[in-house]
Amino acid sequence: MRIARFSIDGNVAFGAVEGSTAPGAEGELVLDIIKGIPFADFELSGTKVPLNKVRLLPPVLPNKVVAIGRNYAEHAAELGNQVPDAPITFFKPSTSVVGPGDPITYPSFSQDLHHEAELAVVIGRMCREVPKERVKDVILGYTCANDVTARDVQQREKQWARAKGFDSACPLGPWIETDLDPSDLTIQCTVNGEQRQLGRTSDMVRSIEDLIVHITEAMTLLPGDVILTGTPAGVGPLNVGDEVAVTIEGIGTLTNKVIKRG
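Now for a description of the structure that goes with this document.

About the criteria used
Residues numbered from 1 in each chain as written. Predicted model: local features only at pLDDT ≥ 70, side-chain atom pairs only at ≥ 80, totals over all residues. Heavy atoms only, no water. Phe/Tyr/Trp six-rings, centres within 6.5 Å; stacked < 30°, edge-to-face > 60°. Helix = DSSP H or I, 4+ residues; strand = E, 2+ residues; numbered from the N terminus. Buried < 20%, exposed > 50% of the residue type's maximum accessible area, 1.4 Å probe, protein only. Pairing = 2+ DSSP bridges. Contact = heavy atoms within 4.5 Å.

In this structure the tally under the stated criterion is two aromatic pairs. Judged by centre distance (5.0 Å) and plane angle (70°), the rings of Phe90 and Trp160 are edge-to-face. Separated by 70 residues along the polypeptide, Phe90 in strand β7 (residues 88–92) and Trp160 in the loop between α2 (151–157) and α3 (161–165) bring together distant segments of the chain. On the accessibility criterion, Phe90 (9% relative accessible area) is buried. Classification of Trp160 by relative accessible area gives buried; the value is 16%. Centre to centre, the rings of Phe109 and Phe166 are 6.3 Å apart; their planes meet at 80°, and the pair counts as edge-to-face. Of the two residues, Phe109 sits in the loop between β9 (104–106) and β10 (113–115) while Phe166 sits in the loop between α3 and β14 (170–177), which places them 57 residues apart along the sequence.

Judged by pairing direction, the sheet is antiparallel, and its three strands sit side by side in the order β13-β10-β18 without closing on themselves. A strand with exactly one partner marks an edge of an open sheet, and here the two such strands are β13 (149–150) and β18 (236–238). When β10 meets β13, the two strands line up antiparallel, connected through two bridges. Bridged to His114 within β13 is Thr149.

Among the secondary structure elements, Ala163 is positioned in helix α3. Separated by 14 residues in the primary sequence, Ala163 and Thr149 have C-alpha atoms spaced 5.6 Å apart. Other than its neighbours up to four places away in sequence, Ala163 contacts Val148, Thr149, Ala150, Val153 and Gln154.

It is worth stressing that arrangement in space is one thing and function is another; only the former is reported here.
Pasting the structure below:
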C-alpha cells in the first residue's frame, strides 16, 4: 500500500494512493481517505479524491530523523573518507522536514549546497533494543529522502548539526510504500533532468536490519520516526533555481526546487 499525507480544503488527512505510476499507465491517481492514522489499525473510508486536487505533505512528521553517514563505500571515497568501523549516526530536526514540491531554501551561511539521495525507513511502532529478526515488525514502510547538506559548513564545523539540520534540509516523499523489499533497489538523483547519482541499496555497507539494531540499542524510536540509510556516490552542488529529483525503484519520485532564502 502507498500511504500519502495531504491537505485539502484546509484539512489534513492520510490516504491510500490508488492507480499506477508506471510510465504509460492509464488513469489518474486517486486517494482513498483513511479513517484514523496509519500507525494503528485503520480502515479505508471509500471516499476518494483525485491526487491532482490535493497538496501532498511530508508523508510523516517525525519526532526525530536519525541519519547514517558513509554507508556506501564509493560515497565515502569520493569525499576522501574511510568507511567507519561503526555506523556514523546524526540527527536532522523535525523542522528540517519538507514534502514533495516544497522548496529547499539555500541557507545564507553556506556557499556549497549538495544533494544526497537516500532511502528512508519509516518506523511504525514504538521500539527499543530491537533484535535483528524482529526489525521488519517495527517498520511501517519506505519513502524517498534528500539529505541536503551544506558541504562547506560540514567540513568547517566538523559536527553536522547546522550543515544538515537547517530548515528544509530533509525533503521526504512523495508517500510511504508499505509493501517493498528494500534490499536491492535503484536510487537515482537528477538535477534539472541530468543524472547525478545512480546506485543500488544492495551496495549499503550495513543493512537496514543492522542499522535499526544499532540505533535502538541507544534510543527509543517512535511511530513516524525516520531513518535515513546513507547516500550512494555522485553527490554534488545545488544552486538557486535548480530542480532536484530523487527516484527510488518501487516507491516513486520526490521533487523539490531550490530557492533563495529571504
